[in-house]
Protein chains: 4
Amino acid sequence: MATGRGLGVGLIGTGYMGKCHALAWNAVAPTFGDVARPRLVHLAESSADLAERKAGELGFEKASGDWRRLVEDPEVDIVSVTTPNAFHAEMAIAALDAGKHVWCEKPMATALADAEAMLGAAEKSGRVTALGYNYIQNPATRHMKALIEAGAIGTVNHVRFEMDEDFMADGTAPFGWKSQKESGYGALDDFGVHPLSLLHVLVGPVTEVIADCAMPYPTRPAAGGRAVETHDIANILIHAGAVSGSILLNRSAWGRKGRIAVQVFGSEGTLAYDQERMNEIQIYEARGPLAGQGFRTILTGTVHPPYDKFIPAPGHGLGFNDLKVIEAREILKKIAGEPAHLIDFSAGIAIERAVHAMARSFAERAWVRV
Amino acid sequence: MATGRGLGVGLIGTGYMGKCHALAWNAVAPTFGDVARPRLVHLAESSADLAERKAGELGFEKASGDWRRLVEDPEVDIVSVTTPNAFHAEMAIAALDAGKHVWCEKPMATALADAEAMLGAAEKSGRVTALGYNYIQNPATRHMKALIEAGAIGTVNHVRFEMDEDFMADGTAPFGWKSQKESGYGALDDFGVHPLSLLHVLVGPVTEVIADCAMPYPTRPAAGGRAVETHDIANILIHAGAVSGSILLNRSAWGRKGRIAVQVFGSEGTLAYDQERMNEIQIYEARGPLAGQGFRTILTGTVHPPYDKFIPAPGHGLGFNDLKVIEAREILKKIAGEPAHLIDFSAGIAIERAVHAMARSFAERAWVRV
Amino acid sequence: MATGRGLGVGLIGTGYMGKCHALAWNAVAPTFGDVARPRLVHLAESSADLAERKAGELGFEKASGDWRRLVEDPEVDIVSVTTPNAFHAEMAIAALDAGKHVWCEKPMATALADAEAMLGAAEKSGRVTALGYNYIQNPATRHMKALIEAGAIGTVNHVRFEMDEDFMADGTAPFGWKSQKESGYGALDDFGVHPLSLLHVLVGPVTEVIADCAMPYPTRPAAGGRAVETHDIANILIHAGAVSGSILLNRSAWGRKGRIAVQVFGSEGTLAYDQERMNEIQIYEARGPLAGQGFRTILTGTVHPPYDKFIPAPGHGLGFNDLKVIEAREILKKIAGEPAHLIDFSAGIAIERAVHAMARSFAERAWVRV
Amino acid sequence: MATGRGLGVGLIGTGYMGKCHALAWNAVAPTFGDVARPRLVHLAESSADLAERKAGELGFEKASGDWRRLVEDPEVDIVSVTTPNAFHAEMAIAALDAGKHVWCEKPMATALADAEAMLGAAEKSGRVTALGYNYIQNPATRHMKALIEAGAIGTVNHVRFEMDEDFMADGTAPFGWKSQKESGYGALDDFGVHPLSLLHVLVGPVTEVIADCAMPYPTRPAAGGRAVETHDIANILIHAGAVSGSILLNRSAWGRKGRIAVQVFGSEGTLAYDQERMNEIQIYEARGPLAGQGFRTILTGTVHPPYDKFIPAPGHGLGFNDLKVIEAREILKKIAGEPAHLIDFSAGIAIERAVHAMARSFAERAWVRV
């Protein structure tokens, strides 16, 4: 393990999340100023050529067309797994078995059994694991958590989550991979894990669900038209212990681009947030004269850590990619043995189980306990 | 029946909705300028004294402590029924039997059988009936309907409704009537009928439901604490034919004062609306260059009828009470044999049935067909 | 003077503001429930026929084609003057001289000398006068005033006003009356009086100004094109004692329909308001932990008088026309010798003087003291 | 000059903007993927120790306590000047004289003569110069520019700019450097250059101004209280050729954290933007049926370059720091001889001249031509 110098990083996959990890590993030291600069040691892609080209672009020292060589590289201390979900389990387990820490994109796996195996490998290895649930890293959502814990809205009794985008909204676009059952259930897992990660952090795990899924376009254009196999819409009523709520998901919602709308209702107030305005939270506190009560829009700023590490003035706006830099810092903290704000494989399993319970609930048209 | 002059109005009840009816009957002729001024003939309240006082305030000629005298008054052509829900059926049926038109506040009745009896009386009498679903009268929601019918958002495939207020949000307030089962199910019927009226008008009737209800405060302060019997929160997943959706209701939602948030998703766009900003609708149309697409906030104005009857300049804002004036005008149209935009007892029954199906679904923890 | 029964009302003019006065006189008693119902005695229009027809529509007993007969009618106690601005002075003075109270639409007159004469007549008569500055009647703006007076934002040090509509925004529309100098200066007086009325109430009178006016369309379509004589845009920097600020006016602002945006900055906070969302105010109070500070959106409700006289639930929305009902109630208060929230002819003169100082400042390209 | 490999970067100053430049130089290659990775060659700070420490944090190879050594370093191709404004001129001129490209933070200098000297050095050297006006790099403001150029809002006739923050809003905070005249005029130059940069890019240079400045707190706490020498508030009416407008500046505006509100009015529409919601623009286009017109909120996305280089999904949000990465890419373009979107020293002089004309206008209480 590298000491006295930066951690050695290996990156598998260079799609969007791969690039995002690379940017985060590049930025974490200059942004935070309190950690050794990670060394970008090894990059793996599906071919040696592509790996070589991406290593140049992203600033990695070595490149391989075979991810197993990266996993075995003694200079690599932590492996970023950013490949398609179906590959997560094999890669993460191999990395853990080789004694590496693992930063894996969400969800853990397509099958619950694979996710369980990943957790097993993590427990056996004792290494740090982290899932890429970056929305929980936003200073805005962190402040929501802090407010809830400080009792600002009293006891939470109800929650609502919506997650909507419109990349599947065009019913005239050709049948594609996201409409094949091999890609998963549809909105249920594709989107569901994100609200679940926020719910997990803000309130706790889901205990009971009833789900309904819908296909806005039962067929999509192909030769002769092709039956869609996934559900672009999913609605779930939930219980999370004594807290009731709903999770509404729609990836065919025209006009929604990155909406993750959260409402948390408590005995003394309400919190609201929308990822499309990711630097704002809203809070209503049922205190003081009624004539003065209202939803307060808090713009994140230097008093909402770690915003201050990015910009020294409030209200200037973090971006989506900055969340990954914060995530990288949390992983470095955890590796250093400090408390960290992360969803590791152990917490991640609760999210995967909830998704699979929802799928079963839809199939059986009945309430299912998680 | 009055001819050549204004219709004779009878008003039973002078609580908020009674006052609102009286204001509407006062304002409908000067506002619209195309109808004979209704004559405020007869007002009934629970005592002769109260009736007398209110008749003076609201401008009615006669006053009775017994509503049956009003119903029998030959000068009365139409009866406004604005008493508590439990009295609607008896009064409406008596008025219809006496040959009067009836404008009755929603919901029709507390028991489904009573509502069915009201419909029976209406059909037998041939008189005009109207339920006070005033939100459908808003030029904003009417424009949404017009846009949907014109295909602005293509084929509707999904809907979301939220209705939230906070009058039950204070768990430290004393146990009151709204927490007794005699008042109904709770949010399910107290709030549910409003989104259902909008859904009915915008999309059509609900066909299948699964409901979950919750009590944010299982007990409320009384001597020794008293168990709450109604559910201040209700969440319902729905099907309305091929359209899927959700109705989320919360009357203990701190900070929400008159929120009725609507989202209608279609194959070519999305509509959104919130009653707290009742003069605005939002539309996303998936047309033209992608770089220019976005939600457009339309402020209602003189081109959104009948806004122009109230104010000759756009964007100046109608109020809640104005909606009732529009409703009164629609009733006068219907009485005159013209097409009118109203939920009559026949359409109203569909709403009542949906509410009762939701209640059954919650009790049985299962999907229920309406 | 009528005693023991409602005040006798005379209405001159039945354009928008005439109708608005009529609706207010109709609604004031049932809405407030604490005043005798005004009697709609006499209506005057430019012809006897029109007067007759409008009297029927609006509910007036008598009709005249000559406003002088109305002014002399002994049954009339108060005269609503809602004719074009050029007629205000003659009518208001005649009514005052005849011992009537006067409710006159703003501005007072087109020439400052006429306004001064109106004030003279008012002082001589001792009757109640009121100018139709209805925006100051909004429970939202009243609450802003209350907050300022209670010190919620500390000492006011700066203000910004914007008033924008788009009825002159179409440069391809034919040359019309609003482009003729006979109509006034343009945005400067057409719009300027509204922000000035709010400024007057919230902060105090303007003491020094520098103005700039602009013509977005120097010519407008007519045979051969016609030179525009008024300025659709006006910007004014102001001092109101120690408070600095700006008033920006644009009646050719595409998309703005009824925008009157107000920002009031103080030593301990900021207030903001926009008439297009007339049921909301925003306040930032620099108190408590910085991490929790933000602009709070207060929806007007029953705790913001006299909202409660219109609707018994908060957040349901007043409309523009409701403001006129409140204004009518204030006038009745003042006539009854009670304290009232009104801009009378005496306060109105300050607004007229400010407008004329702005016009001079623009002509001279220099600061002008009011 | 480095060829076949990344440009050599020298960084003078490591305050916020220094860090921001370092992050940008780190991120530009992995983000854009089409440029050679710049080499972080040399960092200079006020002491060797500080330089050494910061070089480690920010990833620079060499460190100096004397910026002149950096300027002379043959491995350095471009110098980032991020020191206090008073040092810009000397450093930038030395770098240009040494044949380096210069990326200098705004404003150019505290005295106009210094800015003119900088321009002279730039012209003599033939090197690339760029000022750090990062707000013009936002895909949102770039899209506004593209829309204006495409005629989306017709001919621009009026503009409004507001820039507000609250770091000087607390009148009880001790007298500090920003209240000393050595720091400049106050809001006029501290803030004014930002709206001017946007105005310059969107509309063109200012030609005539009248300015008013104000001190919300004439004295601030110190021993015995100390007279403030700068103006935290500045309002300016402007002409930019045929376009009229206003620039309102307030650095004591409680609650505003990073507000730069822009309104651009044209003959066929209106554009609006607020930096506090930096991923959104609003456009009203006066086209199509009036009933459907409204302000459209466009969330920036992959179709608004170069957003796509950061995130492959729309609506996910860029942050303030990302703007600097775009700026770095533009500089690399310009060095490579490609067209670039930048404010160089030549364009920057127009902004500096406008600021100084405003200051003179305030002193003379008169309109001043730029």
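Sequence order sets the numbering: in each chain, residues are counted from 1 along the sequence as written. Written order determines the labels here, with chains lettered from A and ligands numbered from 1. It should be noted that, the model being predicted, local features are given only for residues of pLDDT at least 70 and side-chain atom pairs only at 80 or more, the latter also being counted only at that level, while totals for whole chains, interfaces and linings use all residues. Hydrogens are left out, water is left out, and the side-chain values use all remaining heavy atoms of the structure.

Student: Can you help me understand the interface of chain A and chain B in this one?
Tutor: Many authors give the size of an interface as the accessible area that is lost as the parts come together. Contacts between the two partners involve 43 residues from chain A and, on the opposite side, 43 residues from chain B. Two parts placed together each lose some accessible area under a 1.4 Å probe, and the buried area is that loss summed for both. Across the chain A/chain B interface, buried area totals approximately 3,500 Å², and carbon plus sulfur atoms make up 52% of it. The largest per-residue losses of area from chain A upon contact with chain B belong to R160, W254 and R365 of chain A, which jointly make up 19% of the total buried on that side. Any carboxyl oxygen of Asp or Glu within 4 Å of a side-chain nitrogen of Lys or Arg constitutes a salt bridge here. Linking chain A with chain B are six salt bridges, by the criterion used here. Two residues, R160 of chain A and E162 of chain B, come together in a salt bridge whose shortest N-O distance is 2.7 Å. Secondary structure counts use DSSP, requiring at least four H or I residues in a row for a helix and at least two E residues in a row for a strand, with both numbered from the N terminus. Put simply, the parts of the chain that give the side of chain A that touches chain B at least two residues each are β7 (156–164), β8 (208–214), β11 (233–240), β12 (243–250), β13 (259–266) and β14 (269–274) of chain A. Sort the elements by how many residues they give to the side of chain A that touches chain B and β12 of chain A lands first, with six residues. By the convention adopted, Pro, Cys, Tyr, Trp, Phe, Met, Ile, Leu, Val and Ala count as nonpolar, Lys, Arg, Asp and Glu as charged, and the other residues, Gly among them, as polar. The residue inventory of the side of chain A that touches chain B, partitioned by class, reads 18 nonpolar, 14 polar and 11 charged. A contact between two residues is defined here by any heavy atoms of the two lying within 4.5 Å.

Student: Please clarify how the sheet that holds strand β3 (residues 62–64) of chain D should be interpreted in this entry.
Tutor: Across a sheet, paired strands are connected by hydrogen bonds in the backbone, their directions being either parallel or antiparallel. Residues and elements named next belong to chain D. Across the sheet, which stays open at both edges, the six strands sit in the order β3-β2-β1-β4-β5-β6 with parallel pairing between neighbours. This sheet does not close on itself; its edge strands, each paired only once, are β3 and β6 (129–131). In this sheet, adjacent strand axes meet at a mean angle of 15 degrees when their direction is disregarded. Here strand β5 (residues 101–104) pairs with β6 via three bridges, running parallel. Looking across to β6, one finds that V102 is bridged to T129. A pair of strands is labelled paired if DSSP reports no fewer than 2 bridges between them. Angles here are taken between N-to-C directions and fall from 0 to 180 degrees, while the axes themselves are lines fitted to C-alpha atoms, restricted in helices to the stretch in contact.

Student: Which parts of the structure should I look at to understand the interface of chain C and chain B?
Tutor: At the junction of the two partners, chain C supplies 36 residues and chain B supplies 36 residues. For the pair chain C and chain B, the summed buried surface comes to about 3,100 Å²; carbon and sulfur atoms form 53% of the total. Of all residues in chain C, P30, E57 and H316 of chain C bury the most surface against chain B, accounting for 18% of the area lost on that side. Counting across the chain C and chain B interface gives two salt bridges.

Student: Teacher, can you tell me more about helix α11 (residues 345–364) of chain B here?
Tutor: Three- or four-residue spacings in an α-helix give side chains the same orientation, since the helix completes a turn every 3.6 residues. Each helix should span, by expectation, one fewer than its residue count multiplied by 1.5 Å. For α11 of chain B, built from 20 residues, the straight-helix expectation of 28 Å at 1.5 Å per residue is met to within 8% by its first-to-last C-alpha distance of 28 Å. Looking one or two residues past α11 of chain B, R365 of chain B carries a phi angle of roughly 50 degrees, positive in sign.

Student: Just to check I follow, could you spell out the environment of G126 of chain C for this structure?
Tutor: Residue and element names in this part refer to chain C. Looking at the element boundaries, G126 is found in the loop between α5 (112–125) and β6 (129–131). Accessibility here uses a 1.4 Å probe with only protein chains present; expressed as a share of the type maximum, an area under 20% marks a residue as buried, one over 50% as exposed, and anything in between as partly exposed. Under the relative-accessibility criterion, G126 is labelled exposed at 59%. Remark: the alpha-carbon pair of G126 and D170, spanning 44 residues in sequence, is separated by 46 Å.

Student: I keep staring at the packing of helix α1 (residues 16–32) of chain C against helix α10 (residues 320–335) of chain C and nothing clicks. Help me out?
Tutor: Two measures define how a pair of helices packs: the angle their axes make with one another and the distance between the axes. All names here are of chain C. Remark: α1 packs on α10, axes separated minimally by 8 Å, with the N-to-C direction vectors making an angle of 65 degrees. The angle between α1 and α10 falls in the class roughly perpendicular. Crossing hand, α1 versus α10: right-handed. In this structure, α1 contributes Y16, M17, C20, H21, L23, A24, W25, A27, V28, T31 and F32 to the contact, and α10 contributes F320, N321, K324, V325, I326, A328, R329 and L332. Partitioning the contact of α1 with α10 into residue classes produces 14 nonpolar, three polar and two charged. Roughly parallel covers angles under 35 degrees, roughly antiparallel covers those over 145, roughly perpendicular covers 65 to 115, and oblique covers all other angles. Crossings are classed by handedness, with left-handed meaning an anticlockwise turn of the near helix from the far one by less than a right angle and right-handed meaning a clockwise turn.

Student: Whenever I open this one, the domain arrangement of chain A confuses me. Can you help?
Tutor: Residues and elements named next belong to chain A. The domain boundaries here were taken from an automatic or database domain assignment. What the domain assignment reports for chain A is domain 1 (8–127) and domain 2 (135–320 + 343–369). In this structure, domain 1 and domain 2 have C-alpha centres spaced 27 Å apart. The interface is formed by 20 residues belonging to domain 1 together with 13 residues belonging to domain 2. In total, domain 1 and domain 2 occlude about 1,400 Å² of area from one another, counting both sides; carbon and sulfur atoms represent 76% of this. A per-residue breakdown of the area domain 1 buries against domain 2 is headed by F32, M108 and L112, which together make up 34% of the total. Along the contact surface separating domain 1 from domain 2 lie one salt bridge. Ionic pairing is found between E116 and R353, a salt bridge with its closest N-O pair at 3.1 Å. Put simply, the parts of the chain that give the side of domain 1 that touches domain 2 at least two residues each are α1 (16–32), α4 (85–97), β5 (101–104) and α5 (112–125). With six residues, α5 is the largest single contributor of residues to the side of domain 1 that touches domain 2. Here the side of domain 1 that touches domain 2 is composed, by residue class, of 16 nonpolar, two polar and two charged.

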